[in-house]
There are 2 protein chains.
Amino acid sequence: MVELIVKKRNGQELNRDEYATIIDGFLSGKIPDYQISAFLMAVYFKGMSNKETASLTDIMMRSGDLIDLSEIKGVKVDKHSTGGVGDKTTLVLGPLVAAAGVPVAKMSGRGLGHTGGTLDKMEAISGLSVDMTWQEFVEKIKKHGIAVCGQSANLVPADKKLYALRDVTGTVENESLIASSVMSKKLACGADAIVIDIKVGHGAFMKTVEEAEKLAHIMLGIGKQMKRKVIAVITSMQEPLGFAVGNSLEVKEAIDTLKGHGPKDLTELCLELGSHMLILGEVSKNRDEAKDTLKHLISSGIAFDKFKELVASQKGDVSEVDDTNLLPNAQFKVSYKSKTAGFINELNALNIGLASAKLGAGRKTKESKIDLGAGILLKKKIGDFVHKDDELAVLYSNNNTFFAKAIKLMDLAYTFSEIKPAKNQIILKTIV
Amino acid sequence: MVELIVKKRNGQELNRDEYATIIDGFLSGKIPDYQISAFLMAVYFKGMSNKETASLTDIMMRSGDLIDLSEIKGVKVDKHSTGGVGDKTTLVLGPLVAAAGVPVAKMSGRGLGHTGGTLDKMEAISGLSVDMTWQEFVEKIKKHGIAVCGQSANLVPADKKLYALRDVTGTVENESLIASSVMSKKLACGADAIVIDIKVGHGAFMKTVEEAEKLAHIMLGIGKQMKRKVIAVITSMQEPLGFAVGNSLEVKEAIDTLKGHGPKDLTELCLELGSHMLILGEVSKNRDEAKDTLKHLISSGIAFDKFKELVASQKGDVSEVDDTNLLPNAQFKVSYKSKTAGFINELNALNIGLASAKLGAGRKTKESKIDLGAGILLKKKIGDFVHKDDELAVLYSNNNTFFAKAIKLMDLAYTFSEIKPAKNQIILKTIV
């Protein structure tokens, strides 16, 4: 192993067998953590070639269960987001794309830190369960075209263990390691094609479009080596997506969007990602046709019906979907007002995400309980003009003592200008 | 700790308290090895400033026993060599400098891999013991002006633990880490001033004069911060030093040198390093005067007498010093002859060191036993002309089966040329 560390440290390429040695040794405990972490730091400085990244991805993918979706007809297209604030895209996109005939076998995660998770949002609907056997999962997709569940414990154990080590050794921030982590999981889940939504901005992991492009190209490279179609869409996470941040609040906004009257940015993003998925899923010939299909599914109510079908199939209370006032709510709310007049110049997604988490909507650790009714409903976004004392947002929580700290974070989120700034552009770049 | 790793990874300077946190946490086990190794790899790529290196050195130095030599009168000048092949300098320099009135409190190490160690060479003399109590050590120096012992188990434990980790994580080759390792040990041993012999070439750790200069400047920087005088002499380790490689053989050559008829390169090196030590030790005013003093101590027999005094004081058999044929010898010897005619162009010290180790003179692991009589006696050196079948060297061992592999390594050590190459220059540069 010392030789492999030195090889990487000196900038040489390692072959597939060498990566297999490293990962097998790491998982079996034959190679100690202190050698793996030194290797990871060498990777941080010297990077990995596309070939190396694909080798690592493939070896990690094979470290645990490989999901076999071959029983399900059609091209299975998965979507992955690198994570952001107010990102309820999957709740809209899943039923929408399923309604168009693309099978949606969705394994999702939970929220941590300032970002939310699809499973938590789904569970805001009373009774809804994301726990099911593998057979139930496949049966639901066959019958309803869609199912959403948590990841199996034995899905890519190598990534779980490696990420835990990276997290405590300052080796998270490397594009090749990030790409192989994401791609190994998506590929183990049995996706034939993948649309990656790479978020950029204050509330995202990637801070610049350049970084995001680098990551996109690495992911496309892995797809090429592993013969899966991959499309990366780089999107903005400067301000939160839509107006709602927090679990119940986001379910409401997702339902609004499925009904055709959601926020402009969220709707645009869903049509953009969805149109790629329809083409990859071979149900549309081109982007215009795909977007028309999706718009029709929304305006006709078919997409919303598919959402209700999904909720019912996973034992959720459909009456809460029909009347979103019945969703878990918050006992306390505070109106957050502008202290100044001007155009909103910055609406920092990270601070909003942290404020929402502080209100109870997020988890500090994996074991924390979350308040499904807590969160923030924005009233204005970047480029909007506000007078002094105009309402900028409403804060929700079931714990009255959480507001003070959340408000401090809100104060940090906003800057104002006298000149009207451009509205935040949601789609920044597409890499195919 | 993650923050400290990321700080170093991003190229920022850490302060003394932060290094103390790292070393204390490492020794107590509060900071796991996998974080330390990631930190070390970040240091490998981002380096450490002079201030950081001095902080680390000081903290490591204080991690164990601090030797107090204040009972011994005079300026205590230590000498350190970065290690090479045939390097018996301490055996000559110790008695020589002690004879001049500079107290020599020498804590030495053992050989490992292709390099030898002073303790092993001393022990080639029957009965000689390097084990003594601290009080015995100080008493011997007070009485005889010199004593040689092993390092206390609790001398710089931080360096022992850190080096063990560096050794298995590809993080040995960093000048700042090397410098702090060497200097923390020398300073913990109570030296007032230090002469560092930095070896450069095939048989040394440093391969170029530039690398050696970098190391020298870092060591001088540490000395400056810690208020100790440090002089670095960069010397050649392209070919072995002198003609003898192996424990008994080297003792013989050291005695020859103390008597005034040693090899030219070894004699020159001892006069060079010794003259610096006499000036630092405040017994000579300038280099010329110092060299004259040393030459007189050799020609008058005083230096050799001091060596006998040292041997006797450490219970060694002085009769072996008077008649070196009585030293442990080898049952078998093989004459190694030239396969070609020409000038010796290369006489690779690493290969000679490895061949000698293979004959039994070296250790594979710290626990290996060594054959004190084994080794290589060179007959020719770089620049010498040889005819075909001329004897290049004699190989010695007490195990007849070791010769075949050693000879293969010998074959790799030599290249010949038709044009006479320059003799190997021993003193390359002095950094003060």
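Residues numbered from 1 in each chain as written. Chains lettered and ligands numbered in written order. Predicted model: local features only at pLDDT ≥ 70, side-chain atom pairs only at ≥ 80, totals over all residues. Heavy atoms only, no water.

> Tell me about the relation of the copies chain B and chain A, and name the residues and values.
Applying a rotation about an axis and a shift along it to one chain copy brings it onto the other copy. When chain B is brought onto chain A, the operation consists of a screw motion whose angular component is 179° and whose axial shift is 0.1 Å, with 0.1 Å RMSD remaining. The superposition operator between the copies reduces to a two-fold rotation axis. In terms of C-alpha distance to the rotation axis, chain B has Tyr34 of chain B as its closest residue, with the C-alpha 1.7 Å off the axis. (Least-squares fit on C-alpha atoms with pLDDT ≥ 70 in both.)

> Run through the sheet that holds strand β4 (residues 193-200) of chain B, naming residues and quoting values.
Residues and elements named next belong to chain B. The four strands are arranged β1-β4-β5-β13 in an open sheet whose pairing can be described as mixed. On the outer flanks of this sheet lie β1 (77-81) and β13 (427-431), each paired with one strand and no other. This sheet shows a mean twist of 15° between the axes of neighbouring strands, independent of strand direction. Bridging between strand β5 (residues 229-236) and β13 involves four bridges; their strand directions are antiparallel. Each bridged residue has a counterpart across the sheet, and for Thr235 the counterpart in β13 is Ile427. (Pairing = 2+ DSSP bridges. Helix = DSSP H or I, 4+ residues; strand = E, 2+ residues; numbered from the N terminus. Axes fitted to C-alpha atoms, helices over the stretch in contact; angles between N-to-C directions.)

> Hey, could you go over helix α12 (residues 264-280) of chain A for me, with residue numbers and the actual values?
All names here are of chain A. With 17 residues, α12 extends 24 Å from end C-alpha to end C-alpha; this agrees with the ideal 24 Å at 1.5 Å per step. The buried count for α12 comes to 13 of 17 residues, which makes it a mostly enclosed element. Phi turns positive one or two residues past the end of α12, at Glu282, with a value near 60°. (Expected span 1.5 Å × (residues − 1). Buried < 20%, exposed > 50% of the residue type's maximum accessible area, 1.4 Å probe, protein only.)

> Please give an account of the interface of chain B and chain A that cites residues and values.
Note: interface size is frequently given as the accessible area lost on complex formation between the parts. At the interface, 22 residues of chain B touch 22 residues of chain A. With both chains or domains summed, chain B and chain A bury close to 1,700 Å², and 70% of this area falls on carbon and sulfur atoms. Three residues, Arg9, Tyr34 and Phe45 of chain B, lead the burial of chain B against chain A; their summed loss comes to 37% of the area buried on that side. There are two salt bridges connecting chain B and chain A. (Contact = heavy atoms within 4.5 Å. Buried area = accessible area lost by both parts, 1.4 Å probe. Salt bridge = Lys/Arg side-chain N within 4 Å of Asp/Glu carboxyl O.)

> So what's going on with the sheet that holds strand β12 (residues 414-417) of chain A? Which residues, and what values?
Note: strands within a sheet are paired through backbone hydrogen bonds, in either parallel or antiparallel orientation. Residue and element names in this part refer to chain A. One open sheet holds the three strands; their spatial order is β10-β8-β12, and the pairing between them is antiparallel. With one partner strand each, in any of the chains shown, β10 (385-386) and β12 form the two edges of the open sheet. Where strand β8 (residues 342-347) meets β10, two bridges bridge the pair, whose relative direction is antiparallel. Across the sheet, residue Gly342 finds its bridge partner in β10, namely Val386. Set on the sheet, helix α17 (residues 403-413) makes contact with β8 and β12; between it and β12 the angle comes to about 35°.

> Any chance you could break down the pairing of β4 of chain B for me, citing the residues and the numbers?
Residues and elements named next belong to chain B. Burial runs high along β4: eight of the eight residues are buried. Across five bridges, β1 lies against β4 in parallel orientation. Pairing of Val77 across the sheet is with Ala193, part of β4. As paired elements, β4 and β5 share eight bridges and run parallel to each other. From the neighbouring strand, Val200 faces β5, where its bridge partner is Ser236.

> Pulling in residues and values, what's your account of the confidence of the model for chain A?
Should pLDDT be low for a region, the predicted coordinates there are not to be read in detail. Across chain A, pLDDT averages 93, with 100% of residues at or above 70. Interface confidence for the predicted complex, expressed as ipTM, amounts to 0.74; the pTM equals 0.79. (pLDDT = per-residue confidence, 0-100.)

> Please provide a residue-by-residue account of the state of the cysteines, values included.
Residues and elements named next belong to chain B. Tallying each qualifying case throughout the model produces zero disulfides over all chains. There is no disulfide at Cys149, and the cysteine sulfur nearest it, in Cys189, is 7.9 Å away. Cys189 sits in the buried class, given a relative accessible area of 4%. (Disulfide = S-S within 2.5 Å.)

> Any details on the side chain of Lys8 of chain B? Residues and values, ideally.
All names here are of chain B. Secondary-structure assignment places Lys8 in helix α1 (residues 2-9). The class for Lys8 is buried, based on a relative accessible area of 1%. A polar atom in the side chain of Lys8 sits 2.9 Å from the side chain of Glu52. Apart from residues lying up to four places away in sequence, Lys8 is in contact with Leu14, Tyr19, Phe39, Ala42, Val43, Lys46, Gly47, Met48 and Glu52. (Polar contact = N/O pair within 3.5 Å; in protein donor to acceptor, adjacent residues only side chain to side chain.)

> Break down the nonpolar core for me, with residues and values.
Within soluble globular proteins, side chains that are nonpolar tend to cluster in buried spots. One finds Ile196 and Ile198 of chain A together with Ile196 and Ile198 of chain B to be the most contacted residues of the largest nonpolar core, which totals 125 residues. Leaving out residues up to four positions away in the same chain, Ile198 of chain A has contacts with Thr82, Met206, Ala212, Leu215, Ala216, Met219, Ala232, Val233, Ile234 and Thr235 of chain A. (Core = buried A, V, L, I, M, F, W, Y, C linked by side-chain atoms within 4.5 Å.)

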